[in-house]
Amino acid sequence: LATKVAHYGTEQHVSVAMTQQNLAGTLAHLGDYPAAKILYEQALATQVAHYGTEQHVSVAGVQQNLANTLDRLGDYQAAKALYEQALATKIAHYGTEQHVEVAMTQQNLALTLDHLGDYHAAKTLYEQALSTIVAHYGTEAHVRVAETQQNLALTVGHRGDYPAAKTLCGHDGE
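Below is a short write-up of the structure. (Residues numbered from 1 in each chain as written. Predicted model: local features only at pLDDT ≥ 70, side-chain atom pairs only at ≥ 80, totals over all residues. Heavy atoms only, no water.)

## Regarding the overall build of the chain
And then number 1: A tally of helices and strands in the chain yields nine helices and zero strands.
And then number 2: In terms of its C-alpha atoms, the chain occupies a principal-axis envelope of roughly 65 × 35 × 25 Å.
And then number 3: Per-residue burial for the chain yields a buried fraction of 36% across its 174 residues.
And then number 4: Expressed as a percentage of contacts within the chain between residues at least 6 apart in sequence, the contacts between residues at least 24 apart total 45%. (Helix = DSSP H or I, 4+ residues; strand = E, 2+ residues; numbered from the N terminus. Buried < 20%, exposed > 50% of the residue type's maximum accessible area, 1.4 Å probe, protein only. Contact = heavy atoms within 4.5 Å.)

Right under this line is the structure:
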């Protein structure tokens, strides 16, 4: 990071922002969410300045990463707002809600909505994402499909529908 800042003479360069995102991702994996948050915020500001808008797919990627970090920090309202922005941008960019990148953002937003106790909205987003992911991979026998079903099952369980949650987990009572 220091080398890139020295090379470009500023922290507000898109290449520096990419390095900030990579470092933030590493810090998040290590559990240092406060430090990751700072770097993601810096990268986001640089990306917005570089592209001149918050409605760019590259900006949406940073928003999603920052939202993931905010969710981990328990700032669910801020995470929700960023996920919603990223989702709208990705839908506009890909021209459809049925794109695997849109589905990944839907799942992240659904998790945050689950944390906020909005189980109905979370369930709806998980179901939309599941449909897209099954279509994308062409089978229900894919790890991404199973992960989405598991997340949906947790939300359905939070709503109290344990038989449906059990079915989603692949346990149909046999």
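## Notes on the nonpolar core
And then number 1: Ala-36, Leu-66, Leu-109 and Ile-133 are the most contacted members of the largest nonpolar core, which totals 37 residues.
And then number 2: When residues of this core are traced back to their parent elements, those giving at least two are helix 2 (14–29), helix 3 (33–51), helix 4 (57–72), helix 5 (76–94), helix 6 (100–115), helix 7 (119–137) and helix 8 (143–158).
And then number 3: For this core, the leading source of residues is helix 6, giving seven residues.
And then number 4: In contact with Leu-66, not counting residues within four places along its chain, are Lys-37, Tyr-40, Glu-41, Leu-44 and Leu-82. (Core = buried A, V, L, I, M, F, W, Y, C linked by side-chain atoms within 4.5 Å.)

## What to know about helix 8
And then number 1: Here helix 8 contains 16 residues, and its C-alpha end-to-end distance of 23 Å stays within 8% of the 22 Å for a straight helix at 1.5 Å per residue.
And then number 2: For helix 8, the full list of buried residues reads Val-145, Thr-148, Gln-149, Leu-152, Ala-153, Thr-155, Val-156 and Gly-157.
And then number 3: Lining the buried residues of helix 8 we find helix 6, helix 7 and helix 9 (162–168). (Expected span 1.5 Å × (residues − 1).)

## With respect to helix 7
And then number 1: Compared with an ideal rise of 1.5 Å per residue, which puts 19 residues at 27 Å, helix 7 spans 26 Å between its outermost C-alpha atoms and is within 8% of the ideal.
And then number 2: Listing the buried residues of helix 7 in full gives Ala-122, Leu-125, Tyr-126, Ala-129, Leu-130, Thr-132 and Ile-133.
And then number 3: A positive backbone phi angle near 75° is found at Gly-138, which sits one or two residues after helix 7.

## Quick notes on the side chain of Thr-155
And then number 1: Of note, Thr-155 is situated in helix 8.
And then number 2: Apart from the residues within four sequence positions on either side, Thr-155 is in contact with Asp-114, Tyr-119, Ala-122, Lys-123 and Tyr-126.

## Some thoughts on the pattern of salt bridges
And then number 1: Under the criterion given, the structure shown has five salt bridges.
And then number 2: The salt bridge involving Arg-144 is made with Glu-147; its shortest N-O contact spans 3.5 Å. Taken together, the residues Arg-144 and Glu-147, both in helix 8 and three residues apart, mark about one turn of the helix.
And then number 3: On the basis of relative accessible area, Glu-147 is assigned to the partly exposed category, the value being 34%. (Salt bridge = Lys/Arg side-chain N within 4 Å of Asp/Glu carboxyl O.)

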